[in-house]
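Residue-level listing of the chains:
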Amino acid sequence: MPAPGAVPLPGRDPGRRRKGAPGRPGSDADRQRTQRTQRSRRQVFNREDIYQGAARAGRGRKRKMSSRKGAKTQLTTPAAHKRVVRVDGTISVGQLGQEMGVKTNELIRKLMGMGVMATMNQQIDVDTASLLATEYDYEVKNVEFDEDAVLSGPADAQKVEADPDAVLRAPVVTVMGHVDHGKTTLLDRIRKANVASGEAGGITQHIGAYKVQVGDGKSVVFLDTPGHAAFTAMRARGASVTDLVVLIVAADDGVMPQTVESINHAKAAGVPLVVAINKIDKPGVDPERIKQELTKYEVVPEEWGGDTMCVPVSALSGQGIDELLENLALQAEILELKANPKKEAYGRVVEARVEKGRGPVCTVLVQEGTLKQGDYIVSGDHYGRVRAMLDHTGQRLKEAGPATPVEVQGLNGVPSAGDGFHVVKNEKDAKRVVSSRTDRARAQRSSTQGANAADLLANMGKVDKEVQNLILKTDVAGSYEAIRHSLEELGNDEVEVKIVHGGVGVISESDVTLATASEAKIIGFNVGPDTNAKRAADQGGVEILRFSVIYDVLDTVRDMLSGLLTPETVEEHLGKVEVRAVFHIQKVGAVAGSFVTEGKVVRGAHARVFRDGKLVGQGRISTLKRFKDDVREVATGYECGLSVDGYKDVQEGDTIEVFDLKLVKRKIDD
């Protein structure tokens, strides 16, 4: 029974028993219908109460808000705050519209009104984005990472002169010249070491940097650049980081093509030139002839009224070496070269390579500041902490001041030769610089990806070239850059070289896998395959070519390209015959009784029939007889009977020229 005073729910019979209790009237279906009816009634009652309460509360809040709004309007209106869109250098039109909540088509119409044709994925700069955002009460804030705020760069001469912390530094001298003119031998004489004997073919294959003491506590930094024609780019990099250029010219050879290239590189860099006329100890040489040849390229010796020092030397005997060093020291004093050793270090990567057990090793030239062990450095797309520094003799250094070449270990990759390196405060700044450079490069690639309609139309109708795919691996970055540049210049309108992959280090198994997929040949310059790569190459039939001299690489690839050229058809003259009678033989037809007046006649050769000097027919010699016997050829002064397949109207008095067609292999230099 319900408690006294309890009010039963509508539709509820307090006297009814619980489910399953004995004596409960009705069936199970009736009881279920009754329960559903009761639940629906309770939900309706609760919903109406909620709606009525919410309406009353809403009317009350509305009255309060209206009264407050009126009171505030009478006092003051708060200033509106502009919303900010952060842009990292550039932003796509679609992303800008998403940030501002504006449809992309509307932004594109606005840009067209401003004279800018853009698509949804088009990148726009900060200024253009600011003009668009202003119309929608947005402000654009440039949050692009500023490398200049983190990195220290090279200071110009005026700033160095005004810097109170600047001190005199050693000059950086680059040795240039034609191949085999004695550059490395001269440097050996200066630094009392033998480098050329360790180079394949006696030719310097990459740049070396050495610091040499030159009396009275002075020192000179020498950069030895390769003399082969393929290393033009490397010589250009040498001139860009140097203070003086020593141009080696062999007295017995004279001015050669690479000599002229070196002169042009030095002039382009605005670097003073000192000419060393080498091999003067050879009998019969004339240094005055060399000076005369140099004047053709605006290099005038001082004794002839010019501004170029010319010093006759002999790298083998040592003659004139002291005079050359004195002239270099004199030029350095005139230039008054200075640098601030207290700044954050900055310089250039002279060379880079991967060594087993040491990882990436970079030869760098410090130009400003002092590089210390433990510093974080950034070069190109790579960074790292300086774990160790070595000089050119292999001695460990704790720090390296301006104009000091050192080997650095600790980078996470191999930068390109010629890249600048900077010291940053910590690893976080180093990662931010590398990330910023990577993002910039990716954006640039995406913006230039794909050919436009003009390029497609221009390429329509052109014959596809035969392509020789190559994978190039070298020991150092400078060699890779120079060889790649030289290989890509090979070819002509029919064939070309494509470097599908390359880098510094040993040939790996992944290189072999890529070569198999791309049908490429692998070229290793001073490097070879590891164990796994050799096994994979043997199994897959991939050809690995190893070289130690660069012109052997170029000659081999040139032969590869020549093999891809379509052979040329060349006509070879065999002989000439005179028709003296015509015989008609059953089952054979007309047979020309002829006399061989020149050369020979060969069965199966091509023939042209001339009558009164005019070409009347041509074909192949199908029948050749000597009397009644079939013969292969008939020489000069003999009679023969022949028939020309394809021309049956041979007449007495005709002249028949006999020739053959041969396929001759072409070369890309042809």
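Residues numbered from 1 in each chain as written. Predicted model: local features only at pLDDT ≥ 70, side-chain atom pairs only at ≥ 80, totals over all residues. Heavy atoms only, no water.

Asks: Sorry if this is basic, but what is going on with the sheet that holds strand E10 (residues 273-278) here?
Replies: Think of a sheet as strands paired side by side through backbone hydrogen bonds, with each pair either parallel or antiparallel. The six strands lie next to each other as E7-E8-E6-E9-E10-E11, forming an open sheet whose pairing is mixed. Unpaired on one side and paired on the other, strand E7 (208-213) and strand E11 (309-312) mark the two borders of the sheet. Here the average twist between neighbouring strands, direction ignored, is 25°. Relative to E11, E10 is paired through four bridges, and the arrangement is parallel. Bridge pairing in E11 places Val 274 opposite Met 309. Strand contacts of helix H9 (residues 287-294): strand E9 (244-250), E10 and E11, with the helix running at about 145° to E10, the strand carrying the most contacts. Relative to the sheet, helix H10 (residues 321-335) contacts strand E6 (172-177), strand E8 (219-224), E9, E10 and E11, its axis offset from that of E11 by approximately 160°. (Pairing = 2+ DSSP bridges. Helix = DSSP H or I, 4+ residues; strand = E, 2+ residues; numbered from the N terminus. Axes fitted to C-alpha atoms, helices over the stretch in contact; angles between N-to-C directions. Contact = heavy atoms within 4.5 Å.)

Asks: Sorry if this is basic, but what is going on with the packing of helix H13 (residues 477-489) against helix H16 (residues 550-564) here?
Replies: If you want to describe how two helices pack, look at the angle between their axes and the distance between the axes. Where H13 contacts H16, the axes come no closer than 10 Å and their chain directions differ by 25°. One element, H13, and the other, H16, form an angle in the roughly parallel class. Along this stretch, H13 crosses H16, giving a crossing that reads as right-handed. Contacts between H13 and H16 pair Ile 483, Ser 486 and Leu 487 from the former with Ile 550, Val 553, Leu 554 and Val 557 from the latter. A class-by-class count of the residues in the contact of H13 with H16 yields six nonpolar, one polar and no charged. (Parallel < 35°, antiparallel > 145°, perpendicular 65-115°, else oblique. Left-handed = near helix turned anticlockwise from the far one by under 90°. Nonpolar A, V, L, I, M, F, W, Y, C, P; charged D, E, K, R; others polar.)

Asks: Could you clarify how one ought to interpret the sheet that holds strand E23 (residues 521-525) in this entry?
Replies: Ordered by their spatial adjacency, four strands build an open sheet running E22-E21-E23-E24, and the pairing between neighbours is parallel. Since the sheet does not close on itself, it has two edges, and those belong to strand E22 (495-504) and strand E24 (544-547), each with one partner. Along the sheet, successive strands turn relative to each other by an average axial angle of 25°, direction set aside. The pairing of E23 with E24 spans four bridges and is classified as parallel. The residue of E24 that forms the bridge with Phe 525 is Phe 547.

Asks: Quick question: what am I supposed to make of empty space enclosed by the protein here?
Replies: Empty space left among the atoms is revealed by rolling a probe the size of a water molecule over them. What the rule picks out here adds up to two cavities of 30 Å³ or more. The set of elements that each furnish at least two residues to the lining of the second largest cavity consists of strand E26 (589-602) and strand E31 (639-645). Taken together, the residues of the lining of the second largest cavity sort by class into seven nonpolar, one polar and one charged. (1 Å grid on protein atoms, 1.4 Å probe; cavity = no way out; pocket = protein on both sides within 12 Å on 5 of 7 lines; lining within 4 Å. Points joined across faces, edges and corners; volume = space filled by probe spheres on them.)

Asks: Would you explain the pattern of salt bridges in this entry?
Replies: Between side chains of opposite charge, a pair can form as their charged atoms come close. Here the structure, examined in full by the defined rule, presents 23 salt bridges. With its nearest N and O atoms 2.7 Å apart, the salt bridge here joins Arg 289 to Glu 293. With Arg 289 and Glu 293 both in helix H9 and four residues apart, this pair spans about one turn of that helix. Residue class for Arg 289 comes out partly exposed when judged on its relative accessible area of 33%. The residue Arg 358 makes a salt bridge to Glu 355 at a minimum N-O spacing of 2.6 Å. Look at the salt bridges and you will find they share partners, linking Arg 353, Glu 355, Arg 358 and Glu 407 into a network. (Salt bridge = Lys/Arg side-chain N within 4 Å of Asp/Glu carboxyl O. Buried < 20%, exposed > 50% of the residue type's maximum accessible area, 1.4 Å probe, protein only.)

Asks: Explain helix H2 (residues 93-100) to me, please; I cannot follow it from the model alone.
Replies: Along an α-helix, a turn takes 3.6 residues, which lines up residues three or four apart on a common side. Restricting attention to buried positions, one finds in H2 the residues Val 93, Gly 94, Leu 96, Gly 97 and Met 100. Buried residues along H2 cover an arc of 160° about the axis, so they all sit on one side. Buried residues along H2 sit in contact with strand E1 (83-87), strand E2 (90-92), helix H3 (104-113), strand E3 (123-125), helix H4 (126-134) and strand E4 (138-142). Just downstream of H2 lies Gly 101, where phi reads positive at about 75°. (Arc of directions from axis to C-beta.)

Asks: So what exactly am I meant to see when it comes to the nonpolar core here?
Replies: Looking at soluble globular proteins, one finds that nonpolar side chains tend to be buried together. By size, the foremost hydrophobic cluster in this structure holds 23 residues, and its most contacted members are Leu 186, Phe 222 and Leu 328. For this core, the secondary structure elements donating two or more residues are E6, helix H6 (183-191), E7, E8, E9, E10, E11 and H10. A per-element tally of this core places H10 first, with four residues. Excluding its chain neighbours within four sequence positions, the residues that come into contact with Phe 222 are Val 173, Val 175, Leu 187, Ile 190, Gly 208, Ala 209, Tyr 210, Val 212, Leu 325 and Leu 328. (Core = buried A, V, L, I, M, F, W, Y, C linked by side-chain atoms within 4.5 Å.)

Asks: Please clarify how the pairing of E6 should be interpreted in this entry.
Replies: For E6, the buried fraction is high: six of the six residues fall into the buried class. Side chains Val 172, Thr 174 and Met 176 of E6 all project onto a buried face; the interleaved residues Val 173, Val 175 and Gly 177 project onto the opposite face, where all are buried too. Looking at chain direction, E6 and E8 are connected through four bridges and run parallel. Bridging from a neighbouring strand, Val 175 pairs with Asp 224 of E8. The pairing of E6 with E9 spans five bridges and is classified as parallel. Within E9, the position partnered with Val 173 by the bridge is Leu 244.

Asks: Looking at this structure, how should I read the packing of aromatic side chains?
Replies: How two aromatic rings sit relative to each other is set out by the distance from centre to centre and by the angle between their planes. Here the structure, examined in full by the defined rule, presents zero aromatic pairs. Between Arg 580 and the ring centre of Phe 595, over which it is positioned, the NZ or CZ distance is 4.4 Å. (Phe/Tyr/Trp six-rings, centres within 6.5 Å; stacked < 30°, edge-to-face > 60°. Lys NZ or Arg CZ within 6 Å of the ring centre and 35° of its normal.)

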